[in-house]
Amino acid sequence: MFSDLVFECLLLNGKDYEKLDKMQQIQVQLYLYIFGIINEQFKWEGLPKEIKSYNIEKVLNLYGQGVLFKPNGNEQYAFCNAVNTNMLNIYGEPCEVQPVAINGMNFDRVRVNTTLGSDGSILMQDAVLIKNNLTSTPTYAMIKPLVEEMAFIWQSKGINAGLSRIKAIIHANKNLASTIKQQVKSIIGSSSMIPVVSEKTNILKEIEKLDFNVEYTPEKYWQDFDKCFATICQWLGITTNLSQEKKERLIVSEVESNDELTTISEDARLSYRKIGCEQAKELFGLEMTCENKVPDVKSTQP
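Reference entry: report on the structure contained in this document.

Thresholds, definitions, all that
Residues numbered from 1 in each chain as written. Predicted model: local features only at pLDDT ≥ 70, side-chain atom pairs only at ≥ 80, totals over all residues. Heavy atoms only, no water. Salt bridge = Lys/Arg side-chain N within 4 Å of Asp/Glu carboxyl O. Helix = DSSP H or I, 4+ residues; strand = E, 2+ residues; numbered from the N terminus. Buried < 20%, exposed > 50% of the residue type's maximum accessible area, 1.4 Å probe, protein only. Core = buried A, V, L, I, M, F, W, Y, C linked by side-chain atoms within 4.5 Å. Expected span 1.5 Å × (residues − 1). Bend = angle between axes of the 7 residues up to and from the residue. Phe/Tyr/Trp six-rings, centres within 6.5 Å; stacked < 30°, edge-to-face > 60°.

1. Here we look at the pattern of salt bridges
- Within this structure, the stated rule accounts for 10 salt bridges.
- A salt bridge links Arg273 to Glu57; the shortest N-O distance between them is 3.1 Å. Placement of the pair is Arg273 in helix α8 (residues 252-284) and Glu57 in helix α3 (residues 53-63), with a sequence separation of 216 residues. Residue Arg273 shares its accessibility class with Glu57, and that shared class is buried.
- Several salt bridges share partner residues, and in doing so they unite Lys15, Asp16 and Lys19 into one network.

2. Focus: the nonpolar core
- In terms of nonpolar packing, the biggest core is built from 47 residues, with Ile34, Phe35, Trp44, Leu68 and Met288 touching the most fellow members.
- Only α1 (5-11), α2 (22-39), β1 (42-45), α3, β8 (128-131), α4 (139-165), α7 (218-236) and α8 provide two or more residues apiece to this core.
- The next biggest cluster of nonpolar side chains, apart from the first, holds 12 residues, and it includes Val67, Ala78, Val112 and Ala127.

3. With respect to α4
- With 27 residues, α4 ought to run about 39 Å at 1.5 Å a step, and its terminal C-alpha atoms sit 39 Å apart, in line with that.
- At Pro145, α4 is deflected by roughly 40 degrees, the largest bend along its length.

4. Concerning the packing of aromatic side chains
- Per the stated rule, a full pass over the model turns up 9 aromatic pairs.
- Here the aromatic rings of Phe7 and Tyr140 are separated by 5.2 Å at their centres, their planes lie at 65 degrees, and the arrangement is edge-to-face. Remark: Tyr140 occurs in helix α4 and Phe7 occurs in helix α1; sequence separation between them is 133 residues. When sorted by exposure, Phe7 lands in the same class as Tyr140, which is buried.
- Between the aromatic rings of Tyr31 and Phe35, the centroid separation amounts to 5.7 Å while the plane-to-plane angle is 50 degrees, which identifies the pairing as tilted. Of this pair, Tyr31 and Phe35 both sit in helix α2, 4 residues apart, which is roughly one turn of the helix.

If you want it as structure tokens, here you go:
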């Protein structure tokens, strides 16, 4: 579904990390943190011993849907990315899917809904489709624009910090740059924040317009960063107050409204995991459950 390096790095546990540019590396670090939170959001129980909860969450969050099935009819279960086929029922839901493992291994098609064959025979369901949400949209795709915005804000804060430390820009012949920087260092004790620009760049007019009294305002960037992160959390159904400044005081109705939106956002993903558990019980007899971990966390707090 995705071909960008950030997605492949997350999917394949850091593969080709060194090929990412600095902005992409920031994005990967943010994703690792956010996905670490998401992986602890839901508690799965009753899974087959060969499937771990993080196996399911990784597929759902990166691909949008997965299929629980028995490969080649054996007794062990597997959970893989589910690629839709052209066989749909009257509701537009897939009747058959193609299981594809993260390592690229393909399996025979499986039926995730009972349907009629071309000869009128009934083709029984033999696998369970578990969706991330109504539209089987990967969590990665949902939050990608906001994570990119967070990385941009992070980088902008660094640029602001750098500009606020620049004292001057010297326009000189490139061959003299090293000598000039040494002279400056002998006068002021440092030349690290005084770039020397070659005359070949032909930007003297632009340099003359630069304002070297740039104010360092990290709090503004962190406020934007927190608001962006809070929006991601709300989309994922995770409660946070990062977007509120200390001076803000919400009235009861506003607090309840925010809580309702967060709860609905969580249910938008949790409810489809529960549907998958119900179908797994009906088809395979598995006593699978999926619940929100937060109530358990709150119950252990003093």
